[in-house]
Amino acid sequence: MHRVAILGLGNVLMGDDALGPYAVRLFEAEYHVPDSATVQDLGTPGLDLVPHLADVHAVILLDTVRSAGTAGELRLYRRDEILEHPPQPRVSPHDPGLKEALLALAFSGQGPREVLLIGVIPQSTAQGIGLSAPVAAALPAVQAEIVRELERLGCPATRRAVPSSPDIWWER
Amino acid sequence: MSKRIVIDPITRIEGHLRIDVEVEGGKVRDAWASGQMWRGIELILLGRDPRDAWLFTQRFCGVCTTVHAIASVRAVENALGMEIPLNAQLIRNLIVIAHAMHDHIVHFYHLSALDWVDVVSALQADTAKTAALAESLSPWPHNNRLQLEQVKSKLASFVAGGQLGIFTNGDWGHPAMKLPPEVNLLAVNHYLQALEYQRKVNQVVAILGSKTPNIQNVAVGGVANAINLDNQSTLNMEKLYKIKDILDEIGAFVQQVYLPDVCAVGALYADWLPYGPGVKNYLAVPDLPLDTKGTQFDLPGGTIFDGDLGNAKAISSFQDPYFKENVTENVTHAWYEGSGTLHPWDGETKPHYTEFQDDGKYSWVKAPRFQGKPMQVGPLSQVLVGYALGHEPTRKWANHALDTAGAVAKTKLSPAVLHSTLGRHLARAVRTAVICDLAQKHWELLVGNIAKGDTAIYNEPVFPKGEQRGFGFHEAPRGTLSHWVVIRDGKIANYQAVVPTTWNAGPRDDKGQKGPYEASLIGNPVADPERPLEVLRTIHSFDPCLACAIHTFDAEGKEISTVRTL
């Protein structure tokens, strides 16, 4: 069976940037996925995304997105849209991100064929703990997109009979 | 007349390193380094349980997660005067080792080699000559002509397709690019191989840390890796042997590919050897502790002042007052209130933003000082301190690297050439080679200790009433990292992290002494002010790390890095 990775990206200490880590925990608490799928919070990994993308057939990324629109709106992107614009010049090692990881893997003939980025427009990514109300309100829609994509990939998630409580440790 | 160049990456919403240089006659005359993001993340820790601090500090930064976990638990253990079980030290050491190998390989091949390597020029390479050159440098078996042909045709198809993908923003054809096509092709070949090896070494961190990035297995008092050699779900012989196999493979790649590559690139850019020294005061702390208390180490630490290896002084334990008493931070030129110099335990984080003032405040980074002096940190400090203190593995690999580079450059190179931009790259490769030797040793120490029947991994921390102060240091890949904690009645009352990039990227201080980035840029050549590649070469050689706190995908692909010529 093709491997699928569901990856949350973002910093839990920077307001709405916690969306990715929050959403993967919520998803794991409410859904069960087949063994071929992995669910992980990767924080802000930069090029360290490479090992998590190299061997998978498909990836679903959850992240905040800078886009025109109001906070809490969803934006979906496929591989070609993510790679549409070239990567930028590098100043610090942390500048490279998703695009660079996908391109580096493409050059070596690896990486996922199927990419879906589920993005949410943040209200604030200033330092602080906790999601803003509009971004928190977007979480059910994010869940629904993950479920739909897994279905499409032939790797369907099943709702847990009894949801567990998500471990949002940074909000404790 | 002088020209001001501002390199200001405004990527991912906010916060980054900004470099301003004044150029006159093709050389940098003055320089400013500015952190553009408020670093007050420590405030989030106030009032929290010190046992949880490492979970939060790990999220300071995306790529350097592990190092902040290690420094944090060491700081709290230091405050409580704790020892941790030997297995816990050794398991942490193996994580530290694997993380460093990974970080350095990525830094050279994927983050900075393209400052020196012209990928497009590799298309002109003669593969037979490239294979012969490779053979003269190293016994590595994956440099044969067939493989080189494959890499070359892959590159050709990328270029023919009108897109360079990952290499789009390289400075192709820049007048400062000097490598022959054959060396460029060899570097592209190794760029691809490095992608594999960085993935592999990551598995060691994942096996021991349960997860990477953001390891899960450390705790104040030890680690959470239950040891039972016959149990599938614990740390067992099967997992230990898998770790050993990976460490062996990475060791071969580092010593047979990474190190010779850096030697060759450095030698072929020998005209760059005078550039980029800057601050010649060096600081490194000891690491890879060999006992439960942290009084014996496999990697030495200490200080060197004014580039004089003869005055090297050791830092000898996790408790050493020489480190504890001599670190301060000054905020004269940083966007914080006042102009004071404070010890980290008394450190304040009270922002006071002005605009960028050349002679006033211009950075969010504070200016750390050791005995009032700016210090360079990172692999160059690690290697020079090790060399000066007679650390055998460091001397062996440093001499080997200087001999190899000298053979290519057809000259005799002394350790003095290391005080430079290229020296920082060479030192990073030397340090990685040293760490690969020590990886074997620490694996054997762990297995040997377990074989004796010791399976202890954790000592329970006890928090007394009243106040305790602690500091924890870790010699991270980018240099000296220290966390400073004040605990009151079991809760965090103050917390400060003095990170490697703060030491290197910090601004001027109350005495006007420049930070290491700033000082290293003075005299740096700039051929084309519109494409200041040479400035980036020197800055990249430090492996800067400021910019990682947020991950937001930029949908519009806006120009997020700008170079302005004023």
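Before reading further, recall that the structure is shown in the block above.
In what follows, the accompanying structure is described.

Parameters and conventions
Residues numbered from 1 in each chain as written. Chains lettered and ligands numbered in written order. Predicted model: local features only at pLDDT ≥ 70, side-chain atom pairs only at ≥ 80, totals over all residues. Heavy atoms only, no water. Axes fitted to C-alpha atoms, helices over the stretch in contact; angles between N-to-C directions. Helix = DSSP H or I, 4+ residues; strand = E, 2+ residues; numbered from the N terminus. Parallel < 35°, antiparallel > 145°, perpendicular 65-115°, else oblique. Left-handed = near helix turned anticlockwise from the far one by under 90°. Contact = heavy atoms within 4.5 Å. Phe/Tyr/Trp six-rings, centres within 6.5 Å; stacked < 30°, edge-to-face > 60°. Buried < 20%, exposed > 50% of the residue type's maximum accessible area, 1.4 Å probe, protein only. Lys NZ or Arg CZ within 6 Å of the ring centre and 35° of its normal. Pairing = 2+ DSSP bridges. Expected span 1.5 Å × (residues − 1). Arc of directions from axis to C-beta.

Things to note about the packing of helix α2 (residues 65-80) of chain B against helix α3 (residues 86-112) of chain B
Residues and elements named next belong to chain B.
- With their axes 10 Å apart at the nearest point, α2 and α3 run at an angle of 150° to one another. Regarding the angle of α2 to α3, the classification is roughly antiparallel. Remark: the crossing between α2 and α3 carries left-handed chirality. Only Arg-92, Asn-93, Ile-95, Val-96 and His-99 of α3 make contact with α2, whose side of the interface consists of Thr-66, Val-67, Ile-70, Val-73, Arg-74 and Glu-77.

Details of the packing of aromatic side chains
All names here are of chain B.
- All chains considered together, the criterion is met by 33 aromatic pairs over all chains.
- Summarising the aromatic geometry, the rings of Tyr-109 and Phe-253 are spaced 6.0 Å apart at their centres and angled 50° between planes, so their arrangement reads as tilted. With a gap of 144 residues between them, Tyr-109 in helix α3 and Phe-253 in helix α7 (residues 237-268) connect regions that are remote in the sequence.
- Residues Trp-335 and Trp-364 carry aromatic rings whose centres are separated by 5.4 Å and whose planes lie at 65° to one another, so their mutual orientation is edge-to-face. With a gap of 29 residues between them, Trp-335 in the loop between β11 (327-330) and β12 (341-342) and Trp-364 in the loop between β12 and β13 (367-370) connect regions that are remote in the sequence. We note that Trp-335, like Trp-364, is buried.
- Three or more aromatic residues link up through ring pairs in this structure, and these residues are Phe-297, Phe-318, Tyr-322, Phe-323, Trp-345, Phe-370, Phe-471, Phe-473 and Trp-484.
- Directly above the ring of Tyr-322 sits Lys-313, whose terminal nitrogen or CZ lies 4.1 Å from the centroid.

Concerning the sheet that holds β11(B)
Residue and element names in this part refer to chain B.
- Here we have 3 strands laid out as an open sheet, ordered β12-β11-β13, and antiparallel in their pairing. Where the open sheet ends on each side, the last strands, each with one partner, are β12 and β13.
- Across 4 bridges, the pairing between β11 and β13 is antiparallel. For Glu-329, the partnering residue across the bridge sits in β13 and is Pro-368.

So, helix α6 (residues 139-152) of chain A
All names here are of chain A.
- Taking 1.5 Å of rise per residue, 14 residues should cover 20 Å, and α6 covers 20 Å from first to last C-alpha, within 8% of that figure.
- Listing the buried residues of α6 in full gives Leu-139, Val-142, Gln-143, Glu-145, Ile-146, Glu-149 and Leu-150. Projected down its long axis, α6 carries its buried residues within an arc of 160°, all on one side. Turned more than 90 degrees off the buried face of α6, the exposed positions are Pro-140, Arg-148 and Glu-151.
- One or two steps after α6, the chain reaches Gly-154, where phi turns positive at roughly 75°.

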